[in-house]
Amino acid sequence: MKKILLLPLLIVSFIVGYSQGKVVTGKIADQANKPLAGATVTLKGTTVNTVSDESGNFEINTGTQVNPVLTITFVGYLPQEYSVRNRSGLSIQLQQDVQALNDVVVIGYGVQRKKDVTGASSTVKAGEIAKRPLVRIEQALQGTTPGVAVISPNGQPGQGLKVKIRGANSITGSTEPLYVIDGDIGGGSDVNVNDVENIEILKDAASTAIYGSRGSNGVVLITTKSGASGKPKLGFGAWVQKNKIPKELDLMGPYDFARSVNAQFVAQGSAPAFTDQELADFKSGAKQGTDWQRALHTEPWVQNYQLDLSGGTDIARYRFSMGYLDQPGIILNQWYKRTSFRSNVDVKVSNKINLKVIAVATIPQSHNNDYGGGLGDPFNQAVEWDPTSPIRDANGNYITHSKYASIQFNPIAQAESQAHDNINTNLSGTGVITYRMLNDLTFTSTNVYSLGMGYGQRVDGPGTSAYDGKTDNAQVNSNRFRSFLTSNYLTYKHNFGDHAITVTGLYEFSSGQNTSVNATAKNLSTYSLGYYNLGLGSTQNTSSGYTADALISYMGRLFYSYKDKYMLSASVRTDGSSHLAQKYSTFPSIGVAWNVKKENFMQKSDFFSDLKVRATYGQTGNQAVAPYSTIPVINIGGGNGQNAYYYNGGNSTPSVAVSLGTPVSTSLRWENKATYDAGIDAAFLKGRLTFTVDAYSSKVTNLLYNNQAPQYLGGGSYAANVGSLSNKGIEFGIGGTPISTKNLRWNTNLNVSINRNKVIDLGGLDNILAIGGNNTFNSVIKIGQPLGEFIGYKFLGTWKADEATEASKFGMKPGDAKYQDLNGDHAYTADDWMPLGNATPSYTYGFINDISYKDFTLTFMFQGQQGSQVFSQTLAYLWGGLGDMKNATTIEAVPENLWTPHNETNNPAWSGSSHNYNNSSRYVYNSSYTKLKNISLSYHLPPGVLRSLHLTSLEVYISGQNLWVMTPYKGYDPEIDQQPTGNAISQGQEFGVIPNPKSYTFGVRMSL
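Read on for an overview of the structure. (Residues numbered from 1 in each chain as written. Predicted model: local features only at pLDDT ≥ 70, side-chain atom pairs only at ≥ 80, totals over all residues. Heavy atoms only, no water.)

**A look at the overall build of the chain**
Okay, so step 1: Across its full length, the chain carries 12 helices and 53 strands.
Okay, so step 2: For a compact globule of 1008 residues, the expected C-alpha radius of gyration is about 30 Å, and the chain comes in at 31 Å, within 12% of that figure.
Okay, so step 3: The principal-axis extents of the C-alpha atoms in the chain amount to approximately 100 × 65 × 65 Å.
Okay, so step 4: A total of 1008 residues make up the chain; the buried ones form 53% of that total.
Okay, so step 5: Within the chain, contacts between residues at least 6 apart in sequence are counted, and of these 69% link residues at least 24 apart.
Okay, so step 6: Within the structure as shown, the chain displays about 41,800 Å² of accessible surface, and the carbon and sulfur contribution to it stands at 57%.
Okay, so step 7: Of the charged side chains in the chain, 82 are positive and 76 negative; the average position of the first set lies 9 Å away from that of the second. (Helix = DSSP H or I, 4+ residues; strand = E, 2+ residues; numbered from the N terminus. Rg over C-alpha atoms; globule rule 2.2 N^0.38 Å. Buried < 20%, exposed > 50% of the residue type's maximum accessible area, 1.4 Å probe, protein only. Contact = heavy atoms within 4.5 Å. Areas by Shrake-Rupley, 256 points an atom, 1.4 Å probe, with all protein chains shown as cover. Lys, Arg positive; Asp, Glu negative; His and termini not counted. Charge placed at Lys NZ, Arg CZ, Asp CG, Glu CD.)

This is how it looks when you write it as C-alpha cells:
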C-alpha cells in the first residue's frame, strides 16, 4: 500500500513545485452550478485563450490590459462576456441555450447541428465519463444511454463488456457495435477512457447506413481530446481501488459435508465414508478442512494513473497523454496491466489546409486472465471441491485429488501453478488532411495505419491438471496484424435564402493482413525453465497461418433543410468485400425531421423550449463472414491432430495427407437489416426538462448460421444464410434539474429501453438446436421465440409417497427427481425437452443523479434489467450426482433439507434411480437485477486554496462500484455470462464465471 500511495505523492509534489505567475482564475458552471469541462475562455481583443478542466476551473494570463474582459463559450450554452476588474477566483455561470439543438454532433464523415439530425443518436460527454473510475470505454455506455444494453459478462481483469444496441441482430455473428475512433473504423474499443472527449452512439439504420456492411449492430463514434490554444496545461489523475468478491456461495463446512456424504452412501447401500470420531472432530474444529472460496479469492488493490500535457497557438495545438493501469484479479495469480500513449496534434498549415496527426500506442499485458468458465476452471472448482480436504499434505505437496465431491484437480494448485502470459503491442497512426478547396467545398482525407503484434507464452507443468493427466505442455505463439484505411470525401455545403444543402461523396478502401505462428512442446524433461526452452519437449509441433481481406466502398449523402423547420437526409453506400463470391451490396437510407418549435403557432409557447419530430428508414449489413468462407478448401496435415496417412497400415510415422475440406456456400451473402424508426426530441421549461422517445422496428434477413456438413462431403461446418429475425422496441430518456438554488443543485436522468426480439424464419425448419460443447448447455433457435432460449427438462420437484405407482413406471420411487414427460412414454429423453426460459430481458434501465452542494458533489447511478433468466451450471453441479461431481457441496443439500417420507420436500433424496439433469428448469433462475453501479462523493477545492497551491484545479473523491444489488438470483452475479464476445445463441448461460467485483475507490484529479 505504501508503494501505491508513493507515486501519487511524488507527482503531486512535482506539480505543486511547478508554480506559475499571477493569473486570473475562475470556475465555470451551468445554471445548476454543475462544473462545465471544455468551456473556452478568451481574452477579448486577443487570441489568448484557454479551456476549463474537468472541474470547470480555468486560469488565463490577462497581460497588461487594465480592464480585461473574458468571453466564455461552450457548445449548447449562450456565450457570455465577463469583466475581470482586478478580480480573480471568478465564479461564472453559463445559461443553457434554449436552442440547444444547435449543438454540433459527430455523425460519421462529418459533423452536423443537433437540431438538423434526422436519425436516432445519443451522446455521452467527457463530464459524464469522469464521474466513474472506468477501465474500459464500454463502461461509459452502461446505464447512460437509452437503447444500449451493456453488461459486464465476467470479472476477470482487462475483460471487455458486451454491448447490444437495440437487441441481438445476428445468430452466430457478434452483436457488438462498430467502433470508430477519430475516423479509425473497426479499430476496437481499447482506448484510454481518460483520453475521450465525446461518444456518439448511432442507433437507427438511417444513421448507420453510411457504414454499410458494418453498421447492423449500431455504431459508436469516439472523439478523443485535443489541445487548445494557450499556455501549456499539465494534468494528472490517479485512483486506487480495493476489489473484492461481491458474495460467497453458501456451502457446507467440513462437518455438514461429512454427514451429507455419509447419508448419501448409506442411502445408496454403502458404508459411511466418515467415522463418528471424524464427524466429532470436524464439528469441534479439532480437524480442519478448507474453505476453498476464501483460499482462492483475493482482495487486490487496483492502480490507475493518467498524465497529460496540452496547449498550443493559433497555428498548432497539441495534447500528449500517458496512462497506466495495474489491475490484479480477484482470484490468485491473475492480473492485467496496460500502458497507453496518445499524441494529438492539430496544425493550421494555411488558411485552406488543416492537418491533424494522431499517434497511439497501447501495450496490454495479462497473466492467467483466460478463464472463460467451465468445469475445470479454478474458480468453478473452488465451490465443488471437498471441504474436508486440506490444500497440501503433511509434506507440503499439493493434494491433487479427493475421494469426495469433485473428481477434478485441486483449484489452488491449478491457479498457483499455471502460467498463461500474453503481451500485445498495438500501434496506430492517423493523418487527417482537410482542404478547403472553395468557400463551400471541402476535401477531407483520413488515413490510418495500424500494426498489432501479439506474443503469448503458456506452460502447464507440475501442479496443473494437464501435468496430472499427462498432457503437460509449453507453448509459444506469435501473431502480427497490420491494416490500412483511407477515407476520402468531398463535402459541399451551401446556404441560399431559406434553403441549406450539404452533399457528401466518399471513396473508402481498407485492407488487413494477419500472420500467426504457434509452437508446442509436450512432456518436457524439466519445467524449471517454464516456456523458455521448447526444445526440452519429447515432441514438438509447429503451425502457422495467414489471412488477408479487403473492403472497397462508395457512399453518397444528401442533407437538405428549409427554414430550419423541415429536414431531409438520404444516403446510399455500396460495399465490395473479398469475403464473398457475390462481392457487392448496397445500403440505402432516408430520414425526415420537422422542427415544430420553429412554426409560427409555437413561437408564443412558453411550455416547449424545443420540439422536433423525426422518422427514418435504412438498411445496413453484418460482416459475420470469415475470410475465404466462399472458397472451397482442402485439408493438409500429418501431425498435431491433423489429417494424416499411415503407409503400410501400421504405426509408422504419419505422412502429410490431403483430404476434402468442408463444403462452402458460393452464394453466401451478408446479413441485411432494414429498420424503421420514429422519434420525438423535446425540451420544456426553458431547458430544465428534456425528453426523447424512439420507437423502432427492424428485420434482419439472410441470417448466417454454421450448418453441419455430412462426412461424405468433408464434414465440419459451413456458413449458410438460413432465415430472418426481428427487433421491435421503444426507448425513452428523461432528464432535468428539479432543484436549482444558489447552493443546492440536483440533476437527474432516467432512461428505459424495451426490446422484443423474435426469430421469424429458419429456412424451412421449425427450430435449430445448439448444444454448448463441453459445458453441456442447451439452447434452441425457435421460430416465434427470441434468441437466447434455453431448452431442457421441466423439473416438477420430487415424486411423492402417494405417486409411488406412477413413479415405478419410470423406474423410479418416491423421493426421486420428477420431470415433465411430454410424449407420455414414461421415459426421460430428448423428446421431452421444452423451452425453459430466455436470457433476453424485457427491459433495461439506468438512473443517474448528481446532487451538488457548494463544492461537494454526490453522484449515484443505478442500472439494471428485468424479465431475464440465467441458466446456471455452477449451481447445478453443487447438488452433486453429475458425473464429475460425486457429492453435493451446497448447504441446501444437508440431509434435513432432502426428501424423506416424513418431510416430502422438492429436493430429491439420494437414490441410485434418480437423475439430476443439469439441463433442467431446476437451474434456470430469474436474473432480473438492480445494481448501484456507482456512488461517489467529490470535493473541488475553492479558487483561494488553489491559488495558494499554484494549481488551477484539484478534485478529490471517493466512490464505490457494485456496492448493492437487488436480485432473486442465488449465484454470484446476475450480470455474468458464459459468452464474453456477444454470441446471441448461448447468452445467459454461466458455468464457473468469475463475477464482477465490489469496489471501493479513492482518487484525485488536478491540473496547473
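**Topic: a nonpolar patch on the surface**
Okay, so step 1: On the surface, F607, L685, L689, I734, L750 and F847 cluster together into a nonpolar patch covering about 480 Å² of accessible area.
Okay, so step 2: Among the secondary structure elements, L750 is positioned in strand β38 (residues 744-761). (Patch = residues over 30% accessible without salt bridge, like charges linked within 9 Å, V, L, I, M, F, W, Y side chains within 5 Å. Salt bridge = Lys/Arg side-chain N within 4 Å of Asp/Glu carboxyl O.)

**Considering the packing of helix α4 (residues 254-267) against helix α5 (residues 276-284)**
Okay, so step 1: The N-to-C vectors of α4 and α5 enclose an angle of 155°; their axes lie 8 Å apart at closest approach. Viewed along their axes, α4 and α5 adopt a mutual orientation that is roughly antiparallel. Every residue of α5 that contacts α4 at P254, Y255, A258, R259 and N262 is listed here: L279, F282 and K283.
Okay, so step 2: Counted by class, the contact of α4 with α5 contains five nonpolar, one polar and two charged residues. (Axes fitted to C-alpha atoms, helices over the stretch in contact; angles between N-to-C directions. Parallel < 35°, antiparallel > 145°, perpendicular 65-115°, else oblique. Nonpolar A, V, L, I, M, F, W, Y, C, P; charged D, E, K, R; others polar.)

**So, the nonpolar core**
When a protein is soluble and globular, its nonpolar side chains tend to lie buried together.
Okay, so step 1: The biggest cluster of nonpolar side chains holds 44 residues, and the ones touching the most others in it are L249, F274, L296 and F379.
Okay, so step 2: Counting residues per element, the ones that place at least two in this core are α4, α5, α6 (292-296), α8 (411-417) and α11 (873-877).
Okay, so step 3: L296 has contacts with I330, I331, L332, P378, F379, A382, P411, I412 and A415, leaving out every residue within four places of it along the chain.
Okay, so step 4: Of all hydrophobic cores here, the second largest spans 20 residues; its members include I137, V191, I201 and I222. (Core = buried A, V, L, I, M, F, W, Y, C linked by side-chain atoms within 4.5 Å.)

**Details of the pairing of strand β13 (residues 178-181)**
Okay, so step 1: Here β13 shows two buried faces, one formed by L178 and V180 and the other by Y179 and I181.
Okay, so step 2: Note: β13 against strand β16 (residues 219-224), four bridges, orientation parallel. Bridge assignment links I181 to a residue of β16, and that residue is I222.
Okay, so step 3: The sheet contact formed by β13 and strand β14 (residues 184-185) spans two bridges and is antiparallel. If you follow V180 over to β14, its bridge partner there is I185.
Okay, so step 4: The turn joining β13 and β14, which pair antiparallel and follow one another in sequence, is formed by two residues; a positive phi near 50° is taken by D182. (Pairing = 2+ DSSP bridges.)

**With respect to the environment of F257**
Okay, so step 1: Mapped onto the secondary structure, F257 falls in helix α4.
Okay, so step 2: Residues in contact with F257, not counting those within four places in the same chain, are M252, D386, P387, T388, Y404, A405, N887, A888 and T889.

**Considering the pattern of salt bridges**
Okay, so step 1: A full pass over the atoms with the stated rule returns 36 salt bridges.
Okay, so step 2: Residue E975 is joined to K933 by a salt bridge in which the shortest nitrogen-to-oxygen separation is 3.1 Å. One end of the pair, E975, is in the loop between β51 (965-966) and β52 (989-990); the other, K933, is in strand β49 (residues 929-940), with 42 residues separating them in the sequence.
Okay, so step 3: What emerges from the salt-bridge pattern is a single network uniting R166, K203, R614, D677, D681, D694 and E731.

**Examining unusual backbone geometry**
Okay, so step 1: Even without being glycine, Y109 reaches a positive phi, approximately 55°.
Okay, so step 2: In this structure, Y109 sits in the loop between β8 (104-106) and β9 (111-113).
Okay, so step 3: Unusually for a residue other than glycine, R166 sits at a positive phi of about 60°.
Okay, so step 4: With a relative accessible area of 3%, R166 lands in the buried category.

**Thoughts on the side chain of R922**
Okay, so step 1: Along the polypeptide, R922 turns up in the loop between α11 and β48 (924-926).
Okay, so step 2: As a buried residue without a salt bridge, R922 has its nearest oppositely charged side chain in E892, at a separation of 7.6 Å.
Okay, so step 3: Setting aside residues no more than four positions away along its own chain, R922 makes contact with F795, W879, N907, P908 and N916.

**As for the sheet that holds strand β4 (residues 57-60)**
Okay, so step 1: With mixed pairing, the three strands of this open sheet are ordered in space as β4-β1-β7. The open sheet has two free edges, formed respectively by β4 and β7 (90-93), since each of these has just one partner strand. Here the strands of the sheet are splayed against their neighbours by 30° on average, with no regard to which way each runs.

**Side note on the sheet that holds β48**
Pairing between the strands of a sheet is mediated by backbone hydrogen bonds and can be parallel or antiparallel.
Okay, so step 1: Spatial strand order, β48-β47-β52: three strands in an open sheet with mixed pairing. Two strands close off the open sheet at either side, each with one partner strand: β48 and β52.
Okay, so step 2: Of the pairings in the sheet, the one linking strand β47 (residues 869-872) to β48 comprises three bridges and is antiparallel in character. Across the sheet, residue V870 finds its bridge partner in β48, namely Y925.

**Here we look at α4**
Okay, so step 1: With 14 residues, α4 should reach 20 Å at 1.5 Å per residue; the first-to-last C-alpha distance of 20 Å fits that figure.
Okay, so step 2: Residues of α4 that are buried include every one of D256, F257, A258, S260, V261, N262 and Q264, and no others.
Okay, so step 3: Buried residues in α4 make contact with α5.
Okay, so step 4: Directly after α4, the chain includes G269, whose backbone phi takes a positive value near 85°. (Expected span 1.5 Å × (residues − 1).)

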